[in-house]
Number of protein chains: 2
Amino acid sequence: MECTEIKKFLNTNGIKNTKQRNLIYDILSSTKNLITAEDIYLKLINIDTSVSLSTVYRILDIFVDKGIVLKSNMIGTDKNVFEINHLEHEHHLICLKCKKVVHIENCPLTEFEHNVEKDTNFSITGHNLELYGYCPECKEK
Amino acid sequence: MECTEIKKFLNTNGIKNTKQRNLIYDILSSTKNLITAEDIYLKLINIDTSVSLSTVYRILDIFVDKGIVLKSNMIGTDKNVFEINHLEHEHHLICLKCKKVVHIENCPLTEFEHNVEKDTNFSITGHNLELYGYCPECKEK
DNA sequence: ATTGATGCAAATAATTTGCATGTAC
DNA sequence: GTACATGCAAATTATTTGCATCAAT
């Protein structure tokens, strides 16, 4: 979503368009990796000292709720991480040592999900897939 | 792993074979769903009143470390869940409403992982896949 | 003007740690 | 007997909440 689109989106969803919400949206947009609430907060206080961590959590909750942002849990650290919901479906490959994240464009699961739906009679709404291992640099050691 | 095998395994890995460790192993073995540390603790105090929650966490850490147990994070609740590492590779389908868990036997990712290894030059050691949606009962409503 | 958003501090929830005691080897 | 395991209580970490104030519509 473009920067101007997000403002309209917020308005049409009855969410006030505040400075904090726009800043957090901008930070998420310009972050390629998965980012924690704390790290968003740290970036924010470099821009504008009066922001609170609870506001970050509250805004992230709203964004997740509206589907603008995806929340997941970083393996190893018990922390939640966030990212913009790029609508092109994609997954992550995470280095267990340096925590580097690489985006994987194609997803092999669509057909698999259909088969599972038939087998189980569930209605499948999504999935969660992360690959992990060691990146070229870390695997040497 | 059989009940007797686990004892040998612990011994050969320099881990003392205690009552608590065996009880926790038994609970995990007989639990089909994903289970939290707290729920393991609750089952334990029904058997033997003097067990502590921190011991549960400590033992789970060891089991995860040795690869006997898998740890993951339940979507929606920010809690970690545990299960025996059945060596037959499998995944879960989780109902977002009632949290029912269904096991999915086959995994479509082996070939995909090889392709990603080639593309990225990572050494991939594993992956994390959960499907989610609504189960036959919950999807009606 | 009204309603919802924010900052701050305090509360909660999950997990971890320090330390004295207990137990397997 | 020694070294590691445990229970308990206290500490830590991530996240949430209450409430007075502030800002967007």
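Chemist: I'm lost on the relation of the copies chain A and chain B in this one. Help?
Modeler: Turning one copy of the chain about an axis and sliding it along that axis gives the other copy, so a rotation and a shift relate them. Laying chain A over chain B is done by rotating through 180° and shifting 0.0 Å along the axis; what remains is an RMSD of 0.1 Å. A rotation of that kind, with that shift, is consistent with a two-fold axis. Considering only C-alpha atoms, the residue of chain A closest to the rotation axis is A:Leu129, which sits at 2.2 Å.

Chemist: What's the story with the interface of chain A and chain B in this structure? I'm lost.
Modeler: How big an interface is tends to be expressed through the accessible area that disappears when the partners come together. Counting residues at the interface gives 34 residues for chain A, matched by 34 residues for chain B. Buried area between chain A and chain B, both sides added, is near 3,000 Å², and the carbon and sulfur share of it is 66%. The interface formed by chain A and chain B holds two salt bridges in total. One salt bridge in this structure joins B:Asp78 and A:Lys71, with 3.9 Å as the shortest N-O distance. Our enumeration of links across chain A and chain B arrives at 14 residue pairs in polar contact (both at pLDDT 80 or more).

Chemist: Is there a simple way to think about the environment of B:Ser54 in this case?
Modeler: All names here are of chain B. By secondary structure assignment, the location of serine 54 is in helix α4 (residues 53-65). Of the residues examined, serine 54 reaches a relative accessible area of 38% and is grouped as partly exposed. C-alpha separation for the pair serine 54 and aspartate 65, spaced 11 residues apart in sequence, amounts to 16 Å.

Chemist: Just checking my understanding: could you explain empty space enclosed by the protein for this structure?
Modeler: Evaluation of the coordinates by the stated rule reveals one cavity of 30 Å³ or more. Looking at the largest cavity, its volume works out to about 40 Å³.

Chemist: Just checking my understanding: could you explain the sheet that holds strand β4 (residues 91-95) of chain A for this structure?
Modeler: Pairing between the strands of a sheet comes from backbone hydrogen bonds, and it takes one of two forms, parallel or antiparallel. Here we have six strands laid out as an open sheet, ordered β5(A)-β4(A)-β6(A)-β5(B)-β3(B)-β4(B), and mixed in their pairing. Taken across any chain shown, the strands that pair with only one partner, and hence form the sheet edges, are β5 (101-104) of chain A together with β4 (101-104) of chain B. Across the sheet, the mean angle separating the axes of adjacent strands is 25° when strand polarity is ignored. For strand β3 (residues 91-95) of chain B and strand β5 (residues 123-134) of chain B, the ladder comprises four bridges, and the chain directions are parallel.

Chemist: Whenever I open this one, unusual backbone geometry confuses me. Can you help?
Modeler: Trans is the common state for peptide bonds, and a negative phi is the common state for residues other than glycine. At A:Lys99, a position not held by glycine, the phi torsion is positive, near 65°. Positionally, A:Lys99 belongs in the loop between β4 and β5. By relative accessible area, which is 30% here, A:Lys99 ends up partly exposed. With a phi close to 65°, B:Asn121 is a non-glycine residue in the positive phi region. With respect to the helices and strands, the residue B:Asn121 is situated in the loop between α5 (110-120) and β5.

Chemist: How should I be thinking about the domain arrangement of chain A in this particular structure?
Modeler: Residue and element names in this part refer to chain A. Structurally, chain A comprises domain 1 (1-87) and domain 2 (90-141). Between the C-alpha centres of domain 1 and domain 2 the distance comes to 23 Å. On the domain 2 side, the residues contacting the 10 residues of domain 1 number nine residues. For the pair domain 1 and domain 2, the two sides together bury roughly 780 Å², of which 62% comes from carbon and sulfur. The interface formed by domain 1 and domain 2 contains zero salt bridges. Linking domain 1 with domain 2 are two residue pairs in polar contact (both at pLDDT 80 or more), by the criterion used here. Of all the elements, strand β2 (residues 69-74) adds the most residues to the side of domain 1 that touches domain 2, at three residues.

Chemist: Is there a simple way to explain the packing of aromatic side chains in this structure?
Modeler: Two descriptors summarise a pair of aromatic rings, namely the distance from one centre to the other and the angle between the planes of the rings. Residues and elements named next belong to chain A. Counted by the stated rule, this structure contains two aromatic pairs over all chains. Each ring, one from tyrosine 25 and one from phenylalanine 63, has its centre 6.4 Å from the other, and the planes form 85°; the classification is edge-to-face. Of the two residues, tyrosine 25 sits in helix α2 (residues 19-29) while phenylalanine 63 sits in helix α4 (residues 53-65), which places them 38 residues apart along the sequence. By relative accessible area, which is 3% here, tyrosine 25 ends up buried.

Chemist: Quick question: what am I supposed to make of the packing of helix α2 (residues 19-29) of chain B against α4(B) here?
Modeler: Each pair of packed helices can be described by the angle between their axes along with the distance between the axes. All names here are of chain B. Remark: α2 packs on α4, axes separated minimally by 10 Å, with the N-to-C direction vectors making an angle of 70°. By the angle class used here, α2 and α4 are roughly perpendicular. In this structure, α2 uses Gln20, Arg21, Ile24, Tyr25 and Leu28 to contact α4, whose residues at the interface are Thr55, Val56, Ile59, Leu60, Ile62 and Phe63. Looking at side-chain class alone, the contact of α2 with α4 contains eight nonpolar, two polar and one charged residues.

Calculation rules
- Residues numbered from 1 in each chain as written.
- Chains lettered and ligands numbered in written order.
- Predicted model: local features only at pLDDT ≥ 70, side-chain atom pairs only at ≥ 80, totals over all residues.
- Heavy atoms only, no water.
- Least-squares fit on C-alpha atoms with pLDDT ≥ 70 in both.
- Contact = heavy atoms within 4.5 Å.
- Buried area = accessible area lost by both parts, 1.4 Å probe.
- Salt bridge = Lys/Arg side-chain N within 4 Å of Asp/Glu carboxyl O.
- Polar contact = N/O pair within 3.5 Å; in protein donor to acceptor, adjacent residues only side chain to side chain.
- Helix = DSSP H or I, 4+ residues; strand = E, 2+ residues; numbered from the N terminus.
- Buried < 20%, exposed > 50% of the residue type's maximum accessible area, 1.4 Å probe, protein only.
- 1 Å grid on protein atoms, 1.4 Å probe; cavity = no way out; pocket = protein on both sides within 12 Å on 5 of 7 lines; lining within 4 Å.
- Points joined across faces, edges and corners; volume = space filled by probe spheres on them.
- Pairing = 2+ DSSP bridges.
- Axes fitted to C-alpha atoms, helices over the stretch in contact; angles between N-to-C directions.
- Domains from an automatic or database assignment.
- Phe/Tyr/Trp six-rings, centres within 6.5 Å; stacked < 30°, edge-to-face > 60°.
- Parallel < 35°, antiparallel > 145°, perpendicular 65-115°, else oblique.
- Nonpolar A, V, L, I, M, F, W, Y, C, P; charged D, E, K, R; others polar.

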